[in-house]
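The primary structure of each chain is shown beneath.
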Amino acid sequence: MRLLTSLMLRHKVRLLSAALLTVLGSLVALLPALFLQRLIDEGFSAADFGRISLWAGCIAAAAVAQSLLNVVSTRQFALVGQTVAAEYRDAVVDRLLSLPVNFLSDKGSGYVASRVGEAGQVSSLFLPSNFSWLGTLLQAAFAIAILASMDIVVLSLACVPCLLLGLFVAWATAAFRKAVNASLEAGADWSGKLNETVRGREEIRLGGGRAQEREGMLARGERLKEAGIRQSTLSGTTTEFMRVFATAMQVLVYVLCGWRLVQGSLTLGRTIAFAQYVGKVYAPIIGAMSLAFTVQPALEGMRRIDETFFGGEAAPGQGATVLGKVGRIEVSGLSFSYPGSGRRLFGDLSFCANNPSLVILRGNNGSGKTTLVKILLRLLGGYDGTIRVDGIDLKDMDEASWLSRCACVSQRPFVFNDTIRNNVTYGLGQVSEEDYSRALEQSGVAGLVARLPDGDSTVVGEDGYALSGGERQKLSLARALARRADVLVLDEPTTGLDADAVRELERLVEELSKERIVFIIDHTEVFGHGDARVLSIDGST
């Protein structure tokens, strides 16, 4: 809630003006009942056409004024609500991008995306009807004062059911909150499985897993359906109860007012006005139920977002030191454990890498080679030991400054659903044609571009679907080379490459390692000749 509060404070003037307009509109809504009483008692009862015209005109004027106030406040609330919702989503996405890359890895990207999407519910908090509830409180206070002056006995009897109604509202709100949470969680789980199914559809078909995937999707769909039914049933049942209650209260008021009318304590006009004012007394309680049901999805979504994205998981330290050209990386006593694994990696690993140099990382599967480079790139935090770059602790550095000095070709390179050119220059803004062309030539992407009818304007599809595995690898390498970084990480870079491409890459690495620090995770022993340093992840060098 702290995040939402800070965002609302940015727009407090507009928000307060909209709230005041809404409250003013609610107060104006009190006038028609008063004018109606005068219309009946002074106009119709006295057969005075002038009075009839006057009070009828006042009723129409009040309705127009209320409508104008509502239109203006609705637009103000829409501007604030949609702006705050957009800023809230941006803040959640920014937080997600700052968290360790293993964050919610057990849930999948679809689940995470669905949870982020829950931030869109925030705009429902700024519906004018939510703030008009404050106006109903003022209306109720004025109505009670007016009713007390009319007939305190009827008012006292009419207010007796309010306590029971308040207890019911509290119970229904708690039950609806649980139902909303179950529905949101079921929806996120279904989205996560759907995303996995869509991304893995080729393997599913080849592996004969269509029936298995359908079964998994149907099971999650069934849970989502049941959660939706519970939520809708509770909402509908509560709405009908409130409708019956409102009717019962209206009947009670009619009976009580009729009793006092027969006794001569109330005039006909006062009787009609009394019935309308009693409705104003009940309105805040009935409105509280409607308000609670309207905002529960947003409140529950924010609670889940706060708990998930801003709760126990800490983002890597966001230092402020800006780094120049990288000259030396020094690792001392490094160890790391994934949450819940109970296994420590690296065993107090220590090493140094000077610029320029070539460092080959070797070790058995699962020994932590990829984890090590992710820690060096600040994609993972929570490690023990120290990492210093030119004497500065990695945790004290500005992340953007450090990453601008680094480039990486990951084990499973990610390719955006965009053109080849935009993939290569991703995150760099303006890139000179010289640097861009050099990256294409060195990576081997230039040959691919020459073969394509649309050249580097070719859209490669989601995850580079239009490319082969080797071509995706080359495209990722071109992106890394275009950064002209001081630290280059290549995680099994020969994956998917043919023999000729591997030889070209070997020569390229030898050339690159003369100008920067190059880390290579290598199982093939293609690299590691000459002056290269081979680092075993078990701690020996």
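Residues numbered from 1 in each chain as written. Predicted model: local features only at pLDDT ≥ 70, side-chain atom pairs only at ≥ 80, totals over all residues. Heavy atoms only, no water.

Trainee: Just checking my understanding: could you explain the pairing of strand β8 (residues 517–521) for this structure?
Mentor: β8 sits mainly inside the fold: five of its five residues count as buried. Here β8 shows two buried faces, one formed by Ile517, Phe519 and Ile521 and the other by Val518 and Ile520. The pairing of strand β3 (residues 357–362) with β8 spans five bridges and is classified as parallel. In the sheet register, Leu358 faces β8, and the bridge partner there is Val518. Here strand β7 (residues 487–491) pairs with β8 via five bridges, running parallel. Paired with Val489 across the strands is Phe519, a residue of β8. Between the parallel elements β7 and β8, the chain passes through helix α18 (residues 499–512) in a crossover that is right-handed. (Buried < 20%, exposed > 50% of the residue type's maximum accessible area, 1.4 Å probe, protein only. Helix = DSSP H or I, 4+ residues; strand = E, 2+ residues; numbered from the N terminus. Pairing = 2+ DSSP bridges. Right-handed = clockwise from strand over helix to strand, strands pointing away.)

Trainee: Help me understand the pattern of salt bridges in this model?
Mentor: Overall, the coordinates contain 28 salt bridges when judged by the stated rule. A salt bridge links Asp189 to Arg223, with the shortest nitrogen-to-oxygen separation between them at 3.3 Å. With Asp189 in helix α8 (residues 162–199) and Arg223 in helix α10 (residues 210–263), this pair connects stretches of sequence that are 34 residues apart. A salt bridge links Arg484 to Asp435; the shortest N-O distance between them is 3.8 Å. Pair noted here: Arg484 is in the loop between α17 (469–482) and β7 and Asp435 is in helix α15 (residues 433–443), with a separation of 49 residues, a long-range link. Overlapping salt bridges, with partners in common, bring together Arg115, Glu118, Glu185 and Arg304 in one network. (Salt bridge = Lys/Arg side-chain N within 4 Å of Asp/Glu carboxyl O.)

Trainee: Hey, could you run me through the sheet that holds strand β4 (residues 384–389) in this one?
Mentor: Pairing is antiparallel across the open sheet formed by four strands, whose spatial order is β2-β1-β4-β5. Each edge of the open sheet is held by one strand with a lone partner, namely β2 (345–354) and β5 (392–393). Bridge count between strand β1 (residues 328–336) and β4: five bridges; the pairing is antiparallel. For Glu330, the partnering residue across the bridge sits in β4 and is Arg388.

Trainee: When you look at the sheet that holds β3 in this model, what are you seeing that I'm missing?
Mentor: Strands belonging to one sheet form pairs held by backbone hydrogen bonds; the direction of such a pair is parallel or antiparallel. Pairing is parallel across the open sheet formed by five strands, whose spatial order is β6-β7-β8-β3-β9. With partners counted over all chains shown, the strands left at the sheet margins are β6 (406–409) and β9 (533–536), one partner each. Here the average twist between neighbouring strands, direction ignored, is 20°. Pairing geometry for β3 and β9, over four bridges, is parallel. (Axes fitted to C-alpha atoms, helices over the stretch in contact; angles between N-to-C directions.)

Trainee: What is the right way to look at the pairing of β7 in this model?
Mentor: Two faces make up the sheet, and in a regular strand the side chains alternate between them. For β7, the buried fraction is high: five of the five residues fall into the buried class. With burial as the criterion, each face of β7 is covered, one bearing Val487, Val489 and Asp491 and the other bearing Leu488 and Leu490. With four bridges joining them, β6 and β7 adopt parallel strand pairing. Bridge assignment links Cys406 to a residue of β7, and that residue is Val487.

Trainee: What should I look at first to understand a nonpolar patch on the surface in this one?
Mentor: On the surface, Ile152, Val153, Leu157 and Trp259 cluster together to form a nonpolar patch covering roughly 340 Å² of accessible area. At three residues, the largest contribution of residues to the nonpolar patch is made by helix α7 (residues 152–159). Among the structural elements, Trp259 can be located in helix α10. (Patch = residues over 30% accessible without salt bridge, like charges linked within 9 Å, V, L, I, M, F, W, Y side chains within 5 Å. Areas by Shrake-Rupley, 256 points an atom, 1.4 Å probe, with all protein chains shown as cover.)

Trainee: Sorry, what's going on with the side chain of Asp393 here?
Mentor: Relative to the elements of secondary structure, Asp393 occurs in strand β5. Buried charged residue Asp393 carries no salt bridge. Nearest counter-charge: Arg388, at 4.7 Å. At a separation of 2.9 Å, a polar atom in the side chain of Asp393 contacts the main-chain amide nitrogen of Lys395. When neighbours within four sequence positions are excluded, Asp393 is seen to be in contact with Thr386, Ile387 and Arg388. (Lys, Arg positive; Asp, Glu negative; His and termini not counted. Polar contact = N/O pair within 3.5 Å; in protein donor to acceptor, adjacent residues only side chain to side chain. Contact = heavy atoms within 4.5 Å.)

Trainee: Just checking my understanding: could you explain the packing of helix α2 (residues 12–28) against helix α4 (residues 49–98) for this structure?
Mentor: What describes two packed helices is the angle between their axes and the distance between those same axes. Between α2 and α4, whose axes approach to 8 Å, the crossing angle comes to 155°. Comparing their axes, α4 and α2 come out roughly antiparallel. For the crossing formed where α2 meets α4, the hand is left-handed. Residue-level inspection shows Arg14, Leu15, Ser17, Ala18, Ala19, Leu21, Thr22, Leu24, Gly25 and Val28 of α2 in contact with α4, the latter providing Ala62, Ala65, Gln66, Leu69, Val72, Ser73, Gln76, Phe77, Leu79 and Val80. Here the contact of α2 with α4 is composed, by residue class, of 13 nonpolar, six polar and one charged. (Parallel < 35°, antiparallel > 145°, perpendicular 65-115°, else oblique. Left-handed = near helix turned anticlockwise from the far one by under 90°. Nonpolar A, V, L, I, M, F, W, Y, C, P; charged D, E, K, R; others polar.)

Trainee: What is the right way to read the side chain of Ser443 from this model?
Mentor: Looking at the secondary structure, you find Ser443 in helix α15. With a relative accessible area of 6%, Ser443 lands in the buried category. Among the polar contacts made by the side chain of Ser443, one reaches the main-chain amide nitrogen of Val445 at a distance of 3.4 Å.

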